[in-house]
Amino acid sequence: MKEVILAHIEKKELDVLKELLRNSEEMAIIQAFYELPDDELVIAFRLLSKAAALSIFEELDTDLQKKLLKSFTEDRVKLFINEIAPDDRVKLLDELPATVAKQLLESLTPQERETTNLLMGYEAGTAGRIMTPEFITLNRDMTIEQALAKIGVQAEHKETIYTLFVTDSSKKLEGVLTLKGLLIAQGTKAASIGKTDGSSRIGDIMSKNAISVSTDTDQEEVARILHELDLLAVPVVDREGRIVGIVTIDDAVDIVHEETTEDIEIMAALTPSDKPYLETHPLRLAKNRIIWLMVMFFAAMLTGGILDKFEYAIAAIPLLVIFIPMLCDTGGNSGSQSATLIIRGLAIGEVTPKDFFKIIWKEIRVGLLVGTGLAVLNYLRMMIFYGNHDIYGDNIIMISVTVCLTLLFTVVTANIVGGVLPIIAKKCKIDPAVMAAPLITTIVDALSLIVYFSIAMWLLGDLMV
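The notes below deal with the structure included here. The numbering scheme is per chain: residues are counted from 1 as the chain's sequence reads. The model is predicted, so local features are restricted to residues of pLDDT at least 70 and side-chain atom pairs to those at 80 or more, both for listing and for counting; the totals for chains, interfaces and linings are taken over all residues. Values shown for side chains rest on all heavy atoms present in the structure; no hydrogens or waters enter the calculation.

From N to C terminus, the chain includes 24 helices and six strands. Any residue under 20% of the maximum accessible area for its type is buried, any over 50% is exposed, and the rest in between are partly exposed; the area is computed with a 1.4 Å probe on protein chains only. Within the chain, the fraction of its 465 residues that count as buried is 42%. Note on contacts: a residue pair is in contact if any heavy atoms of the two residues lie within 4.5 Å. Summarising the internal contacts of the chain: among those between residues at least 6 apart in sequence, 66% fall at separations of at least 24. Computed with a 1.4 Å probe, the accessible areas rest on the Shrake-Rupley method; for each residue, only the protein chains presented here act as cover. Surface exposure of the chain reaches about 25,200 Å², of which carbon and sulfur atoms provide 59%. Runs of E in the DSSP output that reach at least two residues are strands. Runs of H or I that reach at least four are helices, and both are numbered from the N terminus.

Okay, here's the thing in structure tokens:
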């Protein structure tokens, strides 16, 4: 699609391109827009019909939206800001400079401005902030005919019509039903529901077990509910139980993408950035990295202090130094594996802080199994490579045992640390991803070295005299 668009623009066949875009699938156009150079993107977008342009604009990420806004006239900017969905509008305004956002807010119609200010009044990262107020509610006393008539009138201006929410006169959520269920009920005869199809009441066919979230529910929790329960939309209610908006499955996809990106950056000891890599200034990238690197730099000085304390042991048995990188790397890798599984489990609800001791017990068992296997493998390797070493002679067995015991301890400890730190972070309301690879590695390295040289002094004390 990208190559076809570029070819038509280069040949100045804009009428042909306009017809091509009119007959193309929306997702194909969106994919091509992400790949087009800026100038060609603007040309192609201007050839879209108004309806297609609005629909596609809402599906683009905020960076691409900002690029397009820069190319619009003032009137066209106002048109798009007024007509895109409120939740998409809030996302875009959050990304724009404060002065620009303020100007755009002032350009909204009074009704749209009120809706936008309502959404922006909720805390970032909550259901209230990402919800859309464009949904259809039905009254339980409506007949099926009345419900379908209302849907027909409002459908064009609503986010979704596939999931319908039933409320009482004060807008309190009472139930839910799908459009499919409504249409099936319309065709159902008296034998099924005891009434004529058109006069059946919504209250008779709705499900009373409506799953909902509150306005202050974390957006990750909302995405998890939509995924686990396979819902197209979930209603958002206020403290009085009144429905004030809905979060749809496409919002959940955006949430997962944002949160995953943030977690990956945090797990790599990076300060999260809201801009794409190629658009971020080197100074900003350096700032995002150096903060955590400085923390790890000073933390790593602890490891150096431990080595300095046991300098005499290293001088007496230089062979001990060879295995320090192996012990540290194995510990860091083991801890990272455990942390990754627990962080994922917390994110999708597989584990909770209540499982603290279950996690410890499981990680101890896993650590013992993995550590024993690695220790046996390492013992065989040491005996093959150093078994006939003239300097250490029979002492190589005790040196091997020292290394292998430390390896076993390191793996078990790393598993426990990697498993419990994210849980502790969650309990303290800190992002569990903070307790990831760099921090775990630093802690495990220090513990491993202390144990390593303590075991060495115990088993090899005679060689250090």
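There's plenty left to go through after this.
Alignment of strand β2 (residues 163–167) against strand β3 (residues 173–178), held across five bridges, turns out to be antiparallel. What sits directly across from Leu164, in β3, is Leu177. Hairpin connection, β2 to β3: the antiparallel pair is bridged by five residues, and Lys171 has positive phi, about 70 degrees. At least two bridges found by DSSP between two strands are what make those strands a pair.

Ring pairs are drawn from Phe, Tyr and Trp, using the six-membered ring of Trp, whenever the two centres fall within 6.5 Å, and their geometry is named by plane angle: stacked under 30 degrees, edge-to-face over 60, tilted for the rest. Inspection of every chain in the model, using the stated rule, returns four aromatic pairs. Taking 5.2 Å as the distance between ring centres and 85 degrees as the angle between the ring planes, the aromatic pair formed by Phe356 and Phe357 counts as edge-to-face.

So, on to the pattern of salt bridges. By convention in these notes, a salt bridge is any Lys or Arg side-chain nitrogen within 4 Å of a carboxyl oxygen on Asp or Glu. As enumerated under the stated definition, the model contains six salt bridges in all. Notably, a salt bridge pairs Arg22 with Glu19, separated by 2.6 Å at the nearest N-O pair. With Arg22 and Glu19 both in helix α2 (residues 14–22) and three residues apart, the pair spans about one turn of that helix. For Arg224, the salt bridge identified is with Glu221, shortest N-O distance 2.5 Å. Highlighted residues: Arg224 and Glu221, both in helix α16 (residues 219–228), separated by three residues, approximately one helical turn. Judged by relative accessible area, which is 30%, Glu221 ranks as partly exposed.

This part covers a nonpolar patch on the surface. A cluster of nonpolar residues, Ile290, Met294, Phe297, Phe298 and Met301, forms a patch on the protein surface that exposes about 540 Å² of accessible area. Along the polypeptide, Ile290 turns up in helix α18 (residues 282–309). Judged by its relative accessible area of 44%, Ile290 is partly exposed. The patch calculation keeps residues exceeding 30% relative accessible area without a salt bridge and links them within 9 Å when they carry like charges or within 5 Å when they are nonpolar (Val, Leu, Ile, Met, Phe, Trp, Tyr).

Another point: the sheet that holds strand β5 (residues 233–237). In space, the three strands of this open sheet follow the order β4-β5-β6, with mixed pairing throughout. Each edge of the open sheet is held by one strand with a lone partner, namely β4 (213–214) and β6 (243–248). As paired strands, β4 and β5 are joined by two bridges and run parallel to one another. Residue pairing in the sheet places Ser214 in a bridge with Val237 of β5.

With respect to the secondary-structure elements, Thr402 resides in helix α23 (residues 395–427). Side-chain atoms alone can form a polar contact between residues adjacent in sequence; in general such a contact is a pair of N or O atoms within 3.5 Å, and within protein one must be able to donate a hydrogen while the other accepts it. There is a polar contact of 2.8 Å between the side chain of Thr402 and the backbone oxygen of Met398. Leaving out residues up to four positions away in the same chain, Thr402 has contacts with Tyr452, Ile455, Ala456, Leu459 and Leu460.

A word on unusual backbone geometry. Backbone geometry places Lys12, a non-glycine residue, at a positive phi of 60 degrees. Along the chain, Lys12 falls in the loop between α1 (2–10) and α2. Positive phi values are uncommon outside glycine, yet Asp230 reaches one of about 55 degrees. Relative to the helices and strands, Asp230 is located in the loop between α16 and β5. The exposure class assigned to Asp230 is exposed, which follows from its relative accessible area of 69%.

The next thing to look at is the packing of helix α3 (residues 26–35) against helix α5 (residues 50–59). The axes used here are C-alpha line fits, helices contributing only the stretch in contact, and every angle between their N-to-C directions lies in the interval 0 to 180 degrees. Packing of α3 against α5 leaves a shortest axis separation of 10 Å and a crossing angle of 60 degrees. Taken together, the axis directions place α3 and α5 in an arrangement best described as oblique. Note that α3 runs across α5; the crossing there is right-handed. Only Ser55, Ile56 and Glu59 of α5 make contact with α3, whose side of the interface consists of Glu26, Ile29, Ile30, Phe33 and Tyr34. Working definition: roughly parallel below 35 degrees, roughly antiparallel above 145 degrees, roughly perpendicular at 65 to 115 degrees, and oblique for all remaining angles. With the far helix as reference, a near helix turned anticlockwise by less than a right angle produces a left-handed crossing, and one turned clockwise produces a right-handed crossing.

Let us now look at the sheet that holds β2. Spatially, β1-β2-β3 is the arrangement adopted by the three strands of the open sheet, whose pairing is mixed. This sheet does not close on itself; its edge strands, each paired only once, are β1 (137–139) and β3. For this sheet the average axis-to-axis angle between neighbouring strands, irrespective of direction, equals 35 degrees. Across three bridges, β1 lies against β2 in parallel orientation.

Let us look at helix α21 (residues 324–348). Because an α-helix completes one turn every 3.6 residues, residues spaced three or four positions apart along the sequence face the same direction. Spanning 25 residues, α21 covers 36 Å between terminal C-alpha atoms, matching the ideal 36 Å at 1.5 Å per step. Looking one or two places after α21, you find Gly349, whose phi comes out positive at around 85 degrees. How far a helix is expected to stretch is found by multiplying one less than its residue total by 1.5 Å.

Across the five residues that make up β2, a large majority, five, are buried. By the alternation rule, side chains of β2 split into Thr163, Phe165 and Thr167 and Leu164 and Val166, which are all buried.

Nothing here speaks to function; it is all geometry.
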